Amino acid sequence: MLNGGPRTRLRRYGPPPYRLAVLHGGPGATGEAAPVAQWLSRHESVLEPLQTADSVAGQIDELAACLEQEADGPAILIGHSWGAWLAVLVAGHHPGLVKKLILVGSGPFLARYAPAIMKTRLGRLEPSQRREMLAFFSSGPAMDKAALTRLGNLLERTDAYDPLPAGEDALPAPPCVFAADINASVWPQAAALRQSGELLRIALSLSCPVTAIHGDHDPHPVAGVGEPLSGLAGFRLIVLPRCGHTPWRERQAREPFFEALSVAIGAEAASG
């Protein structure tokens, strides 16, 4: 059962106790990871924090406060995209709150891998679509709803391998509301942490187990996650074939993703 409306700062799936928290990407893709929380809640209760702070430090504090108040002891954090980085940052700053990290479709941890993301995306588009995407990414937070929808359509084309059509996904969940202002404020700070090496320094300081689940068709290069974190004790990398950036939306990879997620959590793999 879902407690809390789609615009609240926290959604709770099921009653306490909570040992799992699912973190959305973006920054600002509020509610994007709801289908993952919905699926996991078939087996146990789940927290879905909705990050609303407009700085990296604010989002770290916001999530840490949520875990302190709501989680039953150190939690397993399942972070998608930006949420993977946020999970790492919270575990680094508040190690007592985190038992295990599962990084899904994480961005690369070293800046030298980042240019490959746009290069891959543009290579999957027609010339007119390339110009359109470049224009969107250069326009900043001023995009209206129609522009955001169009950009989302382009990103589905570049970031997905075999996406499920709308309405075919059997994981009903509250809608995702993209907060462009949060993205515009938080993302430059996050990118600066990567550029300076601080993001990787924090990641390599972690003592909790870390599993990365990554699609082989994700434009975010898997080498940018696997290679920098390879020296981390307890690190495991799972690469899903025929899978893009958002595994639970992939026709061919959704079931393998949830199986891998169950194993990474430590629960018995469910059939879906």
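Keep in mind that what you see is a predicted model, and the values were worked out from it rather than measured. Think of each chain on its own: its residues are numbered from 1, step by step along the sequence as written. Side-chain atom pairs in this predicted model are given and counted only at pLDDT of 80 or more, local residue features only at pLDDT of at least 70, and totals for whole chains, interfaces and linings cover all residues. Side-chain metrics rest on all non-hydrogen atoms present in the structure, leaving aside hydrogens and water.

Chemist: Account for the overall build of the protein chain, naming residues and giving values.
Modeler: Scanning the protein chain from N- to C-terminus turns up ten helices and ten strands. In the protein chain, which comprises 272 residues, the share counted as buried stands at 52%. Here, two residues are considered to be in contact whenever any of their heavy atoms come within 4.5 Å of each other. A separation threshold of at least 6 residues defines the contact pool for the protein chain, and within that pool the share at least 24 residues apart is 72%. Accessible surface area values rest on a Shrake-Rupley calculation with a 1.4 Å probe, where residue burial reflects the displayed protein chains alone. When the accessible surface of the protein chain is totalled, it reaches about 11900 Å², and 54% of it is carbon and sulfur. Runs of E in the DSSP output that reach at least two residues are strands. Runs of H or I that reach at least four are helices, and both are numbered from the N terminus. Per-residue accessibility, obtained with a 1.4 Å probe over protein chains only, is compared with the maximum for each type, and a residue is labelled buried under 20%, exposed over 50%, and partly exposed between these values.

Chemist: Can you tell me about the pattern of salt bridges, naming the residues and giving the values?
Modeler: The term salt bridge refers to a pairing of a side-chain nitrogen on Lys or Arg with a carboxyl oxygen on Asp or Glu at a separation within 4 Å. Summed over all chains, the structure comprises seven salt bridges. For the salt bridge of R251 with D162, the shortest nitrogen-to-oxygen distance reads 3.2 Å. Of this pair, R251 sits in the loop between β10 (235–240) and α10 (254–265) while D162 sits in the loop between α6 (145–159) and β8 (177–178), and the two are 89 residues apart along the sequence. A relative accessible area of 42% means that R251 is categorised as partly exposed.

Chemist: Kindly report on the environment of L20, identifying the contributing residues and their values.
Modeler: For L20, the position within the fold is in strand β3 (residues 20–23). Note: C-alpha distance between L20 and I265 (245 residues apart in sequence) is 8.7 Å. Residues in contact with L20, not counting those within four places in the same chain, are L40, E44, S45, V46, L47, I76 and I265.

Chemist: Please set out the packing of helix α2 (residues 56–70) against helix α3 (residues 82–93) residue by residue, giving values where relevant.
Modeler: Packing of α2 against α3 brings their axes to within 10 Å, and their N-to-C directions diverge by 70 degrees. Here α2 is positioned roughly perpendicular relative to α3, judged by the angle of their axes. Residues V56, Q59, I60, L63 and L67 of α2 form the contact with α3, whose participating residues are W82, L86, L89, V90 and H93. Under the convention adopted here, Pro, Cys and the residues Ala, Val, Leu, Ile, Met, Phe, Trp and Tyr are nonpolar, Asp, Glu, Lys and Arg are charged, and Gly plus all remaining residues are polar. Tallied by class, the residues present in the contact of α2 with α3 amount to eight nonpolar, two polar and no charged. In this analysis, axes come from line fits to C-alpha atoms, helices being fitted only over the stretch in contact, and the angle between any two N-to-C directions falls in the range 0 to 180 degrees. With respect to orientation, any angle under 35 degrees is reported as roughly parallel, any angle over 145 as roughly antiparallel, any angle of 65 to 115 as roughly perpendicular, and every other angle as oblique.

Chemist: Please provide a residue-by-residue account of α2, values included.
Modeler: Taking 1.5 Å of rise per residue, the 15 residues of α2 would be expected to cover 21 Å, and the 21 Å separating its terminal C-alpha atoms lies within 8% of that figure. Those residues of α2 that fall on the buried side of the exposure criterion are V56, G58, Q59, I60, E62, L63, A64, C66 and L67. Lining the buried residues of α2 we find β2 (10–13), β3, β5 (46–49), β6 (75–80), α3 and α7 (180–196). Expected helix span is computed as 1.5 Å times (number of residues minus one).

Chemist: Go over unusual backbone geometry with me, naming the residues and quoting the values.
Modeler: Cis geometry marks the peptide bond from P16 to P17; its omega dihedral reads 5 degrees. Here P17 shows up in the loop between β2 and β3. P27 follows G26 through a cis peptide bond whose omega is -5 degrees. Tracing the backbone through its elements, the reader meets P27 in the loop between β3 and β4 (29–30). The phi torsion at S81 lies on the positive side, around 55 degrees, for a residue other than glycine. Examined against the element boundaries, S81 turns out to sit in the loop between β6 and α3. Residues other than glycine seldom take positive phi values, yet R242 does so here, at roughly 55 degrees. On the secondary structure map, R242 appears in the loop between β10 and α10.

Chemist: Lay out the side chain of Q59 in plain terms, naming residues and giving numbers.
Modeler: Considering the arrangement of structural elements, one finds Q59 in helix α2. Side chain to side chain, Q59 and W82 meet in a polar contact 3.1 Å long. Residues adjacent in sequence count toward polar contacts only when both atoms are side-chain atoms; beyond that, a polar contact is any pair of N or O atoms within 3.5 Å, and within protein one must be able to donate a hydrogen and the other to accept it.

Chemist: Please give an account of the side chain of H80 that cites residues and values.
Modeler: Within the fold, H80 resides in strand β6. Relative accessible area serves as the criterion here: at 3%, H80 is assigned to the buried category. For H80, the side chain forms a polar contact with the side chain of E32, separated by 3.5 Å. Of note is the side chain of H80, whose polar atom sits 2.9 Å from the backbone oxygen of H245. Among residues more than four places away in sequence, those in contact with H80 are L23, H24, G25, E32, V104, H245, T246 and W248.

Chemist: How would you summarise the pairing of strand β9 (residues 210–215) if you had to cite specific residues and measurements?
Modeler: Across the six residues of β9, six count as buried, placing the element largely inside the fold. Neither face of β9 is exposed, since V210, A212 and H214 on one face and T211, I213 and G215 on the opposite face are all buried. Bridge count between strand β7 (residues 98–104) and β9: four bridges; the pairing is parallel. In the sheet register, V104 faces β9, and the bridge partner there is I213. A strand pair is defined by DSSP finding two or more bridges across the two strands. Of the strand pairs in this sheet, β9 and β10 are connected by six bridges, and their pairing is parallel.

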